[in-house]
Amino acid sequence: MKSNRSWRRRLVQILVGAALLITLLSAREAKADGDHEHLVTDWSHRHLVYSTPHSLMKRFELSRDRRYADQWRRREFEKRHGGRDEWRWRRAPEGTKAIQGDWSIDLGPGATVGAGNYPAKFSFTTTSANCVTPAPPVGQQPDFVVYNTSMAGSGTQATIAAFSNLYSSCTGGTPQTYWAYNTGTTGAVVTSPVLSIDGTQVAFIQNVGGVSALVVLRWKAGSGTLSAPVIPAVGPCTALTAPCQQTVLFSTANADTIPLDSISSPFYDYGEDVLYVGDNLGFLHKFTGVFFGVPTEVVSTGPSTLWPANLTGTFGRLTSPILVSSRHEVIVSATDGVVYSVDSTIGGVTPGGFSGIDPKLADFGFDDAPLVDVTTGKIYLFARASSGFVVPTGVASVFQIPLPAVPSDIHDAPITQVQVSDSATTPASAFYIGAFTNDYYNSSNGTGDLIVCSTSGAVTALWDVPVTAGVINSSMVGPSLSTANAACSPIAEFFNGTTDRFFVSVSGNAVTIPPVSCPSNATGCIMSYDLTNLGIWNPTTPTTAATAPVTGGTSGIVIDNSSAAIGASQVYFTPLADQACTTSGSSGGCAIQASQSALQ
């Protein structure tokens, strides 16, 4: 009997290993005509991350998660190709310190993706760069990037637009307007858009007659321009009726007033074709059939399920939700200073459907969505000021709590707090998420560093929060980035095979001398850092690798695919205020592309 059990165990291990190998090889060697090779990057890929799984079973479990597969393919390809000969950087020398955008196009006066929000990038494959002209092979489509504008639509103002022909290796070396739409004149798209995995559809939240709504847009290449955006037809939508849009107003069920959303970006579940988003009343909304059916909000008034799910009792706005699909849990923070865990199958039913942490963690509430590492099972939260229920009190802090096994477990979860300020001065505005170093992603137990932007004295500074075996430790202050308390953007990180790059901006009063060396303190400044060998961390190190002026600071930054093509390793963002848009030769809200290595 023991021999049979041992044999069965070995057989299970062999089968699990084989399944994992097949999964990873499929991701690694994907065919050009396979949908699974498309690479989508949106706001959620900064908030839901995966350090290296410590076991074969954990790898197999995570391999079913689309975002894990995408992160694995991106980082594994970089290690195999970038690490061998720095092929992506042969034409991007490190010597320059100036940052000049590859292109900068006017989206319209006042247009911006918005503070803490991100463009969405579609790459047809992980390893190549597709242009419009010459046309990509039959059955393919070009890479493109989508920007919301935060502006109400009109005959001359797009609410959302996309650009193709992105790279300097493309014909002409300048982008083309792939499409531009006026999706509504009564409200704007003020949070981040998300894409279907094949890139043919975009989902976003927009106000419609004073009510927020989910809009699912099926675009058509070449329809609309920035100066004359097209009004899409009203759905139902198919490839034959594009461009068209389907609009689903937020349900008022379980609420006494009309729900609006100003800070919650939608989270899309690739596996179930379901989307989650919060609103300003503290309700979590769930939509089904988003890209592959009929978009419909789930509405239930109980007793076994409750959607929309009322989490804050209207006393706090929800930030962007994070779905941990393997646990059927949605993690979401709010401006009431509490983080919530919601059963994605039940919603707002208590007990059991959802629970919030006790005690309240953040005075002024949370400004940004949580950062969740699914592998280590840890949630990271960024508070401008810790509440009076925790010690230290009233200071900028990073909180870490375990990912609950069931929603109710979050109520009394153990809390680890690390102060990221050496004074009582809190960040000037929103405190956005930090980013992990590449060492953290490579470790098998969640060991590395978390870099954040907070305050030192009365100014803005970088901070390093060491993480050892998945536990955060006391922070260390780094260089001051500004001469006053200026707002920071979220931090973005990318490892290109040899260099671990971080990108961050400040809204103004930038430091113009080493180690920061911004070109001017009159406007905002975007900075690139090389943190490959972290080494000594103190107020004089690290130094910037490149900088550039950007009015008002930047939106969230998305980073390009992995390609050997010239000019195909880029970052995308918008300033938060109008400036000169050099490519279009006008001033306004600029859609900007810049190189990773020199921001030029």
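Residues numbered from 1 in each chain as written. Predicted model: local features only at pLDDT ≥ 70, side-chain atom pairs only at ≥ 80, totals over all residues. Heavy atoms only, no water.

Asker: So, the sheet that holds strand E7 (residues 176-181): which residues are in play, and what are the values?
Answerer: Reading across the sheet, the 5 strands line up as E1-E4-E5-E6-E7 and stay open at both edges, with antiparallel pairing between neighbours. The strands lining the two open edges of the sheet, one partner per strand, are strand E1 (39-41) and E7. Between one strand axis and the next, the sheet turns through 15° on average, direction left out of account. Bridge count between strand E6 (residues 160-164) and E7: 5 bridges; the pairing is antiparallel. Within the sheet, the bridge partner assigned to Phe-163 lies in E7 and is Thr-177. (Pairing = 2+ DSSP bridges. Helix = DSSP H or I, 4+ residues; strand = E, 2+ residues; numbered from the N terminus. Axes fitted to C-alpha atoms, helices over the stretch in contact; angles between N-to-C directions.)

Asker: Please give an account of empty space enclosed by the protein that cites residues and values.
Answerer: To locate leftover empty space, one rolls a probe as large as a water molecule over the atoms. Under the definition given, this model contains 3 cavities of 30 Å³ or more. In this structure, the largest cavity is lined by 16 residues; those nearest its centre are His-45, Arg-46, Gln-71, Arg-74 and Arg-75. Those elements that provide at least two residues to the lining of the largest cavity are E1, helix H2 (44-47), strand E2 (48-49), helix H4 (66-85) and strand E34 (492-495). Ranked by residues supplied to the lining of the largest cavity, first place goes to H4 with 5 residues. Across the lining of the largest cavity, the residue classes tally to 6 nonpolar, 3 polar and 7 charged. The volume enclosed by the second largest cavity comes to roughly 80 Å³. Lining the second largest cavity are 16 residues, with Pro-427, Ala-430, Phe-431, Cys-453 and Cys-488 sitting closest to its centre. Broken down by element, the lining of the second largest cavity gets its largest block of residues, 3 residues, from strand E30 (residues 448-456). (1 Å grid on protein atoms, 1.4 Å probe; cavity = no way out; pocket = protein on both sides within 12 Å on 5 of 7 lines; lining within 4 Å. Points joined across faces, edges and corners; volume = space filled by probe spheres on them. Nonpolar A, V, L, I, M, F, W, Y, C, P; charged D, E, K, R; others polar.)

Asker: I'd like a rundown of the packing of aromatic side chains, residues and numbers included.
Answerer: Centre-to-centre distance and the angle between the planes together describe a pair of aromatic rings. Per the stated rule, a full pass over the model turns up 21 aromatic pairs. Between the aromatic rings of Trp-179 and Trp-219, the centroid separation amounts to 6.2 Å while the plane-to-plane angle is 20°, which identifies the pairing as stacked. Taken together, the residues Trp-179 in strand E7 and Trp-219 in the loop between strand E10 (211-218) and strand E11 (233-234) connect sequence positions 40 residues apart. Ring-pair connections join several aromatic residues into one group, and the members of that group are Phe-122, Phe-144, Tyr-178, Trp-179, Tyr-181 and Trp-219. Above the face of the Phe-60 ring, Arg-64 is positioned so that its terminal group lies 5.7 Å from the ring centre. (Phe/Tyr/Trp six-rings, centres within 6.5 Å; stacked < 30°, edge-to-face > 60°. Lys NZ or Arg CZ within 6 Å of the ring centre and 35° of its normal.)

Asker: Can you lay out the pairing of strand E5 (residues 144-148) for me, pointing to particular residues and giving the numbers?
Answerer: Burial within E5 is extensive, with 5 of its 5 residues counted as buried. Neither face of E5 is open: one carries Phe-144, Val-146 and Asn-148, the other Val-145 and Tyr-147, and all of them are buried. Note: strand E4 (residues 120-123) against E5, 3 bridges, orientation antiparallel. Across the sheet, residue Ala-120 finds its bridge partner in E5, namely Val-146. Pairing of E5 with E6 involves 4 bridges; the strand directions are antiparallel. Bridge assignment links Asn-148 to a residue of E6, and that residue is Ile-160. (Buried < 20%, exposed > 50% of the residue type's maximum accessible area, 1.4 Å probe, protein only.)

Asker: Explain the state of the cysteines to me, using residue names and the numbers behind them.
Answerer: By definition, a disulfide is the covalent link that joins the sulfur atoms of two cysteine residues. This model, assessed by the stated rule, comprises 5 disulfides. Between the sulfur atoms of Cys-453 and its disulfide mate Cys-488 the distance is 1.8 Å. Residue Cys-453 is found in strand E30, and its partner Cys-488 is found in the loop between strand E33 (476-480) and E34; the two are separated by 35 residues along the sequence. With respect to burial, Cys-453 and Cys-488 carry one shared label: buried. One disulfide bridge connects Cys-518 with Cys-525, the sulfur atoms lying 2.0 Å from each other. Disulfide Cys-518 to Cys-525: torsion about the S-S bond roughly -90°, handedness left-handed. Here the two residues Cys-518 and Cys-525 agree in accessibility, since each one is buried. Across the protein, the way the bonded cysteines pair up, counted in sequence order, is 1-2, 3-4, 5-6, 7-8, 9-10. (Disulfide = S-S within 2.5 Å.)

Asker: How would you explain the pattern of salt bridges if you had to name every residue and give the values?
Answerer: Where charged atoms of side chains with opposite charge meet at close range, the side chains can pair. This structure, assessed with the given rule, holds 5 salt bridges. Between Asp-70 and Arg-66 there is a salt bridge; the shortest N-O distance is 3.3 Å. Taken together, the residues span about one helical turn, with Asp-70 and Arg-66 both in helix H4 at a distance of 4 residues. (Salt bridge = Lys/Arg side-chain N within 4 Å of Asp/Glu carboxyl O.)

Asker: Give a detailed account of the pairing of strand E37 (residues 544-549), specifying residues and quantitative values.
Answerer: Burial runs high along E37: 5 of the 6 residues are buried. As paired elements, strand E36 (residues 525-530) and E37 share 5 bridges and run antiparallel to each other. Its bridge partner lying in E37, Met-527 is registered against Thr-547.

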